[in-house]
Amino acid sequence: QLASFLEQLERAYIPTNPYHSHVHAADVCNSFWYLLSRTEIWTSAGMDGTLQMACIIAALGHDVGHFARNNLFLVASRDALAVTYNDSSV
């Protein structure tokens, strides 16, 4: 079941996005895991295995659906998201 979920998560990334892709997600996840493992944040924060796994999955999925536009672009183009959120944290 986990493998199936991870395959679905990977496919949820927009394949034409040049940066926020499944490869970027894997890189972020690896960097996140390395940083937390080497600094012992996992243990000092008292995070159990379930919470650690949730954090890893969140790192893998953090940019699913990202459409390759940043706040500045959305505000300047008066995109519906910018209008909806008053040009703040689009």
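Our subject is the structure that appears above.
Note that the structure is predicted; figures quoted are calculated from it, not measured.

### Remarks on the pattern of salt bridges
Part 1 of the reasoning: Applying the stated rule across the entire model yields one salt bridge.
Part 2 of the reasoning: Between D87 and R78 there is a salt bridge; the shortest N-O distance is 3.4 Å.
Part 3 of the reasoning: Overall, D87 belongs to the partly exposed group, its relative accessible area being 36%.

### Side note on helix 2 (residues 22-38)
Part 1 of the reasoning: Here helix 2 is 17 residues long and its end C-alpha atoms lie 24 Å apart, about the 24 Å a rise of 1.5 Å per residue gives.
Part 2 of the reasoning: Turning to helix 2, its buried residues are H24, A25, C29 and L36. Looking down the long axis of helix 2, one finds its buried residues gathered within 135° of arc, a one-sided arrangement. Projecting away from the buried face of helix 2 at angles above 90 degrees are the exposed residues V23, Y34 and R38.

Rules used in this analysis
- Sequence order as written defines the numbering, with residues in each chain counted from 1.
- Reporting of local features is limited, given that this is a predicted model, to residues whose pLDDT is at least 70; pairs of side-chain atoms are given and counted only at 80 or more, and all residues count toward the totals for whole chains, interfaces and linings.
- Here the side-chain values reflect all heavy atoms present in the structure, with hydrogen atoms and water set aside.
- For this analysis, a salt bridge means a side-chain nitrogen from Lys or Arg found within 4 Å of a carboxyl oxygen belonging to Asp or Glu.
- Exposure categories follow from relative accessible area, calculated using a 1.4 Å probe and restricted to protein chains: below 20% of the type maximum is buried, above 50% is exposed, and the middle band is partly exposed.
- By definition, any uninterrupted DSSP run of H or I lasting at least four residues is a helix, any uninterrupted run of E lasting at least two residues is a strand, and each is numbered from the N terminus.
- To estimate how far a helix should extend, the number of its residues minus one is multiplied by 1.5 Å.
- As used here, the arc is the angular range of directions from the helix axis to the C-beta atoms.

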